[in-house]
Structures are given as C-alpha cells and as structure tokens.
Amino acid sequence: MKATFLDFEQPIADLETKIEELRFVQDDSAVDISEEIARLETKSQALTKDIYAKLTPWQSALVARHPQRPYTLDYIEHMFTDFEEMHGDRAFADDHAIVGGMARFNGQACMVIGHQKGRDTREKILRNFGMPRPEGYRKALRLMRLAEKFGMPVFTFIDTPGAYPGIDAEERGQSEAIGHNLYVMAELKVPIIATVIGEGGSGGALAIAVADSVFMMQYATYSVISPEGCASILWKSADKAGEAAEIMGITASRLKSLGLIDRIVSEPLGGAHRDHRAAAQSLKRALQDALRQCADLSPGDLVEKRFDRLMGYGKFKEQQVA
Amino acid sequence: MSWLQKLLPPKIKRESGRKSIPEGLWVKCPACEAVLYNSDLEGNLNVCPKCNHHQRLRARARLDMLLDPEGRFEIGAEVVPVDPLKFKDSKRYTDRLAAAFEDTGEADALVVMQGAIQTVPCVIACFEFDFMGGSMGSVVGERFVRGVKAAIEQNMSFICISATGGARMQEGLFSLMQMAKTTAALTQLAQRRLPYLSVLTDPTMGGVSASFAFMGDVVIAEPGALVGFAGPRVIEQTVREKLPEGFQRSEFLLEKGAVDMIVDRRDMRSKLSALMTLLLRQAPAHT
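About the cut-offs
- Each chain has its residues counted from 1, running along the sequence as written.
- Chains and ligands are labelled by the order in which they are written, letters from A for the one and numbers from 1 for the other.
- Where local features are concerned, this predicted model is filtered to residues with pLDDT of at least 70; where side-chain atom pairs are given and counted, the filter is 80 or more; whole-chain, interface and lining totals use all residues.
- Think of the side-chain values as coming from all heavy atoms in the structure, minus any hydrogens and water.
- A run of H or I in DSSP counts as a helix once it spans at least four residues, and a run of E counts as a strand once it spans at least two, with each numbered from the N terminus.
- With the radius of gyration taken over C-alpha atoms, the globule rule is written as 2.2 Å times the number of residues to the power 0.38.
- Only protein chains enter the accessibility calculation, which uses a 1.4 Å probe. A residue is then buried if its area is under 20% of the maximum for its type, exposed if over 50%, and partly exposed in between.
- It only takes one pair of heavy atoms within 4.5 Å for two residues to be counted as in contact.
- Note on areas: Shrake-Rupley with a 1.4 Å probe; residue coverage comes only from the protein chains shown.
- Two residue types count as positive, namely Lys and Arg, and two as negative, namely Asp and Glu; His and chain ends fall outside the count.
- For charged residues, the charge sits on one atom: NZ in Lys, CZ in Arg, CG in Asp, CD in Glu.
- As a working definition, buried area equals the accessible area (1.4 Å probe) given up by two parts on being put together, with both sides summed.
- Salt-bridge detection follows one rule: a side-chain nitrogen of Lys or Arg within 4 Å of a carboxyl oxygen of Asp or Glu.
- Any pair of N or O atoms that falls within 3.5 Å is considered a polar contact. Within protein, one atom must be able to donate a hydrogen and the other to accept it, and sequence-neighbouring residues count only if both atoms are side-chain atoms.
- Ten residues, namely Ala, Val, Leu, Ile, Met, Phe, Trp, Tyr, Cys and Pro, are considered nonpolar, four, namely Asp, Glu, Lys and Arg, are considered charged, and the remaining ones, Gly among them, are considered polar.
- Paired strands are those between which DSSP finds at least two bridges.
- Each axis is a line fitted through C-alpha atoms, and for a helix only the stretch in contact is used; angles between axes span 0 to 180 degrees, taken between their N-to-C directions.
- Convention used here: angles under 35 degrees read as roughly parallel, angles over 145 as roughly antiparallel, angles from 65 to 115 as roughly perpendicular, and any remaining angle as oblique.
- For every residue, the predictor reports its confidence as pLDDT, a number between 0 and 100.

1. Observations concerning the overall build of chain A
Reasoning step 1: Secondary structure summary: chain A contains 14 helices and 9 strands in total.
Reasoning step 2: Taking 322 residues into account, the globule formula puts the C-alpha radius of gyration at 20 Å, and chain A, at 21 Å, falls close to it.
Reasoning step 3: In chain A, buried positions account for 55% of the 322 residues.
Reasoning step 4: Sequence separation of at least 24 residues holds for 71% of the intrachain contacts in chain A that already meet a minimum separation of 6.
Reasoning step 5: Total accessible area on chain A stands at roughly 14000 Å², and carbon and sulfur atoms take up 51% of it.
Reasoning step 6: Side chains of chain A give 39 positive and 46 negative charges; the mean places of these two sets differ by 3 Å.

2. Notes on the interface of chain A and chain B
One widely used convention gives an interface's size as the accessible area the parts lose upon coming together.
Reasoning step 1: Contact residues are listed per partner, giving 46 residues for chain A and 58 residues for chain B.
Reasoning step 2: Taken together, both faces of the contact between chain A and chain B bury some 4600 Å²; the carbon and sulfur share is 75%.
Reasoning step 3: On inspection of chain A and its partner chain B, the count reaches 2 salt bridges.
Reasoning step 4: The tally of links from chain A across to chain B stands at 13 residue pairs in polar contact (both at pLDDT 80 or more).
Reasoning step 5: With 9 residues, the top contributor of residues to the side of chain A that touches chain B is helix α8 (residues 174–186) of chain A.
Reasoning step 6: Here the residues of the side of chain A that touches chain B sort into 28 nonpolar, 10 polar and 8 charged.

3. Structural notes on the pairing of strand β2 (residues 98–105) of chain A
All names here are of chain A.
Reasoning step 1: With 6 of 8 residues buried, β2 lies mostly within the body of the structure.
Reasoning step 2: One ladder, built from 8 bridges, connects β2 with strand β3 (residues 108–115); its direction is antiparallel. Its bridge partner being in β3, Val-99 is matched across the sheet by Gly-114.
Reasoning step 3: Taking the residues that link successive antiparallel strands as the turn, the β2-β3 hairpin has 2 residues, and the phi of Asn-106 there is positive, at about 50 degrees.

4. What to know about the packing of helix α4 (residues 72–79) of chain A against helix α13 (residues 276–295) of chain A
Axes are the key here: two packed helices are described by the angle between their axes and the distance separating the axes.
All names here are of chain A.
Reasoning step 1: For the pair α4 and α13, interaxial distance at closest approach is 9 Å and the crossing angle is 70 degrees. Of the possible angle classes, the one that applies to α4 and α13 is roughly perpendicular. Here α4 contributes Asp-74, Tyr-75, His-78 and Met-79 to the contact with α13, which in turn contributes His-276, Arg-277, Ala-279, Ala-280, Leu-283, Lys-284 and Leu-287.
Reasoning step 2: Looking at the contact of α4 with α13, its residues break down into 6 nonpolar, 2 polar and 3 charged.

5. Notes on the confidence of the model for chain B
Reasoning step 1: Mean pLDDT over chain B: 92, with 92% of residues reaching 70 or higher.
Reasoning step 2: Across the interface, the model reports ipTM at 0.95; the global pTM reads 0.93.

Dropping the structure here:
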C-alpha cells in the first residue's frame, strides 16, 4: 500500500520519494548507497516526529480522517478473534455504516460495535461515508441488548462524521434512534468501553459512546459539531474550519485535560495509518485495563458508577438566588 | 434645502413625515399575514386567532399558562453558566451570555418550575428559545437533572417543553455530554414509575431532539412545529434535492409515527393533566 501524505506532511513525502528513488537506483548500481538511504530514513523519522509533535487541532482532524486510517473492521481483525458479524435492525434494513457482532477478546465472549467507513469509492458509498441511518443505531441497540442478556462486555468504536442528515433518516426517526441508545446505554447492565478511533462527530458518535470508559486514539477528534459546521455557523464560511477546530477543543489531549475522556491511546509514529497492527496493539492494552477495572463490579454497581459519571458532566457555577 | 423641496407645497412636505404609531400595538401573523392586535394575540397564548398558527412563546409566559397560580416555585435558578473553553469567535461567549441575559432576563435557556397543572402536581422544564436559540449547554443539562431529581423526591410527574436549536457550540463537548446526562436522569424517573411527558414546540432540533425529547412516555407536538435531527438547510445541501412540503413539521411526524399526538396550545393544560392522571392511574383532576 502506497502511503498517502497530507498537505502538512509534504516535507516527509519529499524525503520518502527521495529514499524510494535511491532504493531504485541501488538495485542496479555497483556503488553502495545503503548508508545514504539509512541516513535519510533516520532523517525522515525525525521529521515525522517533529511534525506530529506540533500538530494543530485541524491537522489532527485531517489525520483522524486519513484515507488509510484503520477503521473498526481493521481493529476487530487485529484485536479480536472469532468475530461473527450480525446484521439488521429487524425492522427495516441492515445499515452498513455500523458494523457489529459477537467476538472473543483474549478468549472472552464479547460484543463489538462500531462505525465503519469505506476504503474505495464503491465501499464508501455502501458505508455511506460512515454516516449511520436510524436502522444502524437500532442494530447497535439490538446487539447491546443481546450482550446484556448474555452478560457480555460491549466494546464500541467511534468513527463518523455524524449521523446521516437525509430525508429518509428523518422519516424513520433519526432523533429517536439516537436518543433511545443514550437512554439504554445509561442503564445497560454490562460494561461498555468506547474508543474514538477517528472522527467523533456529534450525536451520531455519542449514540454508541455512552460508556464506563471512554478512550481516544491520539489523533482522533471528538466534537459537538464538525469544525466545518461550526465555522459555517459562526463565520458563515467553512474555510474557517481550522479556527473552529482550535476554539472548540476537539483533540484527545485537550479533552483529556478537560476531564471529558479517560485515556489517550498512543499511536505509532506518524499516525495509526502508518501501522494498523501497532495501533491495534496499543489500543488492546488499554481495553484490557478497562475491562479489568469493571471486572469486579456487580451489574448494579456498574450502572450506578456510570450514572454518577454521566451526572458529573458539565461546567457551571452556583450562586445565591435573589 | 434642495430645489425640489422648495418647490413642494408645505402640506405635502408634512405628509412625507411618518405619524407615530405606538410600538408593538399591531403585529402581523407570519403564517397568514393577518394584522392582529398584539393584546389579542397574547390573550390567545400567541396563537393566531385567524389561522391557528402557533407562534413562539417565551418560557415564563408558557409556564404561566400551564401551571396553577398557587404554590409554584423555581428549581435550579442557582445554576448559572461559565465559559469552560474560553470560547471566542467574532464575540466572546461571555459577551454572548451577557447579551442574552440582557435580552431575556434569563441566566440560561431552561426555566424549571415545580407546581401543579389543574391540581396535578408536576415539575416542568421549559426552554427559552430567545436565549441563544434555546441551545443546551452545561446549565440546561444541570437544571434539567435537578428538575428530574425534584420530581423523584416529590413523587410527581416530569414534563419538558422543548424549543431549541440543539446543543450549544460554545461549550464544545461539554454540550454534547448533556445529551447523555439528561437522558440518563430519565432512567431513574422511569424506575419509580413516574410519568415523563415531552412536548415538542417550534423548533426542536439537533442534540435536544436526539436525546430526551423523544423519550417521553407520551410525546406531544404543537401544531406546525419544526422537529428533527438535522436542520432542513443541512439536509438540502446533503441530498441536493428539494425537501417535500411540510417536511419535519408536527403533522409530518405524526404521519410517520414519531409522535403520539398533536395538541393545540389552548388545550395543552387540560391534556397534560389528563395524561398524567391516566399514567398514574388516578381519577381525573377536577377543573
């Protein structure tokens, strides 16, 4: 797979092209230039480290949307075994923008649910760019209920620009579908562990992200509205998305410091898209820790703890009323 | 003075000046364009007497209309907003809050009161749309939760009247989390078998629509209210086609099975009281 570079990665891309050229030359050259190649590779890594250490929130958003970023099914492949995908909401259709089913996590039976984006044009359309319709959320709800019935922990993976804003989605009750999930997840009697792996787009993300532990991959974003949406409302121009990303606080580090997420899962150098397996290994360790934390809790305590956590969201002050 | 003005006879000149009409005496109905006396409109709960168009109603006016005059008091007024992100676009968030307070006299976009409707006790949370588009931030979420808690403690029904554009951008992810917080609170109300009635008024959109608004034991809409997840403009841009007539209006929602009933504002008081007593298996309230 040839790497795709984002605009701000251009210096890395230039170096990598040069390395590639040298390798090509080396193949039929008598002179040994491997030392030169090694030197450039080190330089490329240092440059990547440098650029990624200084990512702006907007650049983070671009990494979160990177076309080669690992999606839910990639993480499932690397972290779980015996995945049995299940389909449909039993009422209308199967939504391909959300995938889910039973699997084993270190041998333990569990439920996995996540948004799914497409890799090529055909799959992107099939997956509706990761934007679920009500039937997607209702499938997720059905699977969560099933997990509760059989005492399985639920792992969710969040990666959506948002719930689909379409005529059909509205007709079938997009609002109700999302609201219902929030309601049921608040009182589900099995552990829920949510990870934002890419884009955490608003209500469409939250609808599978009410959890006992909420993690974010290092370059994932999570926000109440997309930076473009925020910019087009506040400045009447989507071009100001960079500024909107800055002020809204959408990155893992900002949200961690605000106490809105529990843990940042580090990504391989240059982002999860450079090494799906390494990203998944990093996440797997975090998920194991989270599961261990819930292991000793009774269902009642688990729900109570989750409830207290939900009630704690929000920043306000209290003053004397006149 | 120009040559034209010099030419005009004095009488015509005077008539070009406007005669003063007291501000706000007349209003035009935005739906049927009938010219109405403002006092007539207010006396009719902001419903146009000619075409029944339900105009927006301020939170306190609505609470006045719904609650019995005796024994009502406010809940959660002590909770007031802060600016957790130091949010600033063309204006600071704190300046927007101050301006909204100036305009509405409210500290945030939700007013919660305990009282009774036709003697049936309840807690009502009512959105103030004129406060930053009735948007939901941390204060709206917290006041909502305190309202639900009060209903649980006093063993009474909880009612929410929505009028909102959705989550408040200026509080970022804190606002999004209010969707989970408010909805979770309702699970405790349900465990105690206490009714939750949700009334959707114009408009009920976004993060409020997609959280507690549709979780009511009974979901009621006012006639002609715009209710949906995504705004019509966003949908139009996404699907690139004209939206059907009446799309996302109450009548459309009723047809699609999304709401239980459409209730005229002038019947709301008796309807809410009737529904509460039915759900509580009590005798109807004497009116």
